[in-house]
Amino acid sequence: MKILVSGGAGYIGSHTVIQLIAAGHDVVIVDNFSNANPTVLGRLEALTGTSIAAHSFDLTDLDKTEHLFATEDFDGVIHFAGHKAVGESVEKPLDYYENNLGSTFSLVRAMQRYDVDKMVFSSSATVYGEEQAGATEDRRTYATNPYGWTKVMQEQILRDVAVAAPQMRFALLRYFNPVGAHPSGTIGEDPSGIPNNLVPFIAQVAVGKRDRLLVFGDDYDTVDGTGVRDYIHVEDLAAGHIAALEALERSDVAVHTWNLGSGRGTSVLEMLRAFEKAVGRPIPYEIVPRRAGDIATSYADPSKANAELGWSTKKTIEDMCEDVWRWQSQNPQGFAG
Ligand code: WQD
């Protein structure tokens, strides 16, 4: 199939592009590069051995989006594009609602105008609010921040569109905590500024870019008092997108919702120890007070995706740390380097 990958130059999008091409699909990337470096495009072409069409514009521009659909004959869309920083969404709610919802409005309108009927949507476990532990897909959705609300709302928008346009097929993929990097070490997560997320921060401490990890609280009701999360390797996450896309091709169900996670929890300190093993030396850290808005425990119940997609995670926490360390040590300044 010919697939438009929105946000295809980003962390999860770029890893998914590689697997789409390996699975025999044709790929076109659209990205406004607000949270991605164009350097990744050359890395993707080197890894796939093929040229990849990439368009740089903002998906909230309906005219540009429809023009792209007019010039290409897409079979489906994988929609990653969107702002995703929880803290930033609290400071800039209008930017988040306008960008995340507006890009989805444009894409779906263009899809309907040009008879493209399949979309895999990048949702998030954040739609389970503070009840993420062992969440199943039928659990109520709500959010505790504007970013999370944009995901709750986009899921609802797509469910409502599916009622009005029964020929369309949607897969809503609720990711838990994506980490890891392509085993080549040539692409990986490259957050701009100070990393919000745990593993990229640890990697920057390990490579000498930050002086120590701040562990946000060790007084949670967990195995060692630190926060527990369901980390999923980005390679496993990408494979889940391929499986979901291909499931839509043969599905007569309008909207599928799948959790993509391992079903296992890992604490902050357990992740730190695994990273130290990958690096081969201790990584400095300091226990500090909890981060506002954090929950103690989050992990998936991935049994629906396991059963309906024949998909499950294959990579371990050790794989994640080894792959991130290879990427970070080979690219101390990320793509900018
Ligand atoms: C993980 C654990 C922190 C950084 C976020 C978004 C969520 C989703 C995934 C998009 C927690 C602790 C972290 C640090 C730390 N993104 N931590 N020191 O918060 O589970 O989820 O990313 O969908 O929407 O909220 O991930 O990596 O920020 O935190 O101790 O410097 O690591 O307290 O327990 P989180 P995270």
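Rules used throughout
- Residues numbered from 1 in each chain as written.
- Predicted model: local features only at pLDDT ≥ 70, side-chain atom pairs only at ≥ 80, totals over all residues.
- Heavy atoms only, no water.
- Axes fitted to C-alpha atoms, helices over the stretch in contact; angles between N-to-C directions.
- Helix = DSSP H or I, 4+ residues; strand = E, 2+ residues; numbered from the N terminus.
- Left-handed = near helix turned anticlockwise from the far one by under 90°.
- Contact = heavy atoms within 4.5 Å.
- Nonpolar A, V, L, I, M, F, W, Y, C, P; charged D, E, K, R; others polar.
- Buried < 20%, exposed > 50% of the residue type's maximum accessible area, 1.4 Å probe, protein only.
- Pairing = 2+ DSSP bridges.
- Domains from an automatic or database assignment.
- Buried area = accessible area lost by both parts, 1.4 Å probe.
- Salt bridge = Lys/Arg side-chain N within 4 Å of Asp/Glu carboxyl O.
- Polar contact = N/O pair within 3.5 Å; in protein donor to acceptor, adjacent residues only side chain to side chain.

Focus: the packing of helix H3 (residues 62-71) against helix H5 (residues 93-113)
Argument step 1. In the contact formed by H3 and H5, the axes pass within 9 Å of each other and the chain directions differ by 40°. Classified by chirality, the crossing of H5 by H3 is right-handed. Here Leu62, Thr65, Glu66 and Phe69 of H3 lie close against H5, whose contacting residues are Ser106, Leu107, Arg109, Ala110, Met111 and Arg113.
Argument step 2. Counted by class, the contact of H3 with H5 contains five nonpolar, two polar and three charged residues.

Quick notes on the pairing of strand S5 (residues 118-124)
Argument step 1. Within S5, seven of the seven residues are buried, leaving the element largely enclosed by the surrounding structure.
Argument step 2. Here three bridges tie strand S4 (residues 76-79) to S5, and the two strands are oriented parallel to one another. For Ile78, the partnering residue across the bridge sits in S5 and is Val120.
Argument step 3. Where S5 and strand S7 (residues 169-175) come together, seven bridges link them in parallel fashion.

So, the domain arrangement of the protein
It is common to give the size of an interface as the accessible area that goes away when the parts come together.
Argument step 1. Taken domain by domain, the protein holds domain 1 (2-179 + 231-260) and domain 2 (198-229 + 263-336).
Argument step 2. The straight-line distance from the C-alpha centre of domain 1 to that of domain 2 is 24 Å.
Argument step 3. If you look at the interface, domain 1 gives 30 residues, while domain 2 gives 29 residues.
Argument step 4. The contact between domain 1 and domain 2 buries some 2,500 Å² in all, and 64% of this surface belongs to carbon and sulfur atoms.
Argument step 5. On the domain 1 side of the contact with domain 2, Tyr231, His233 and Asp236 bury the most area, a combined 29% of that side's loss.
Argument step 6. Remark: the boundary between domain 1 and domain 2 carries zero salt bridges.
Argument step 7. Counting across the domain 1 and domain 2 interface gives eleven residue pairs in polar contact (both at pLDDT 80 or more).
Argument step 8. Every element with two or more residues in the side of domain 1 that touches domain 2 is listed here: helix H2 (39-48), strand S6 (133-135), strand S8 (177-179), strand S11 (231-233), helix H8 (234-249) and strand S12 (255-260).
Argument step 9. The biggest single contributor to the side of domain 1 that touches domain 2 is H8, with seven residues.
Argument step 10. Taken together, the residues of the side of domain 1 that touches domain 2 sort by class into 13 nonpolar, twelve polar and five charged.

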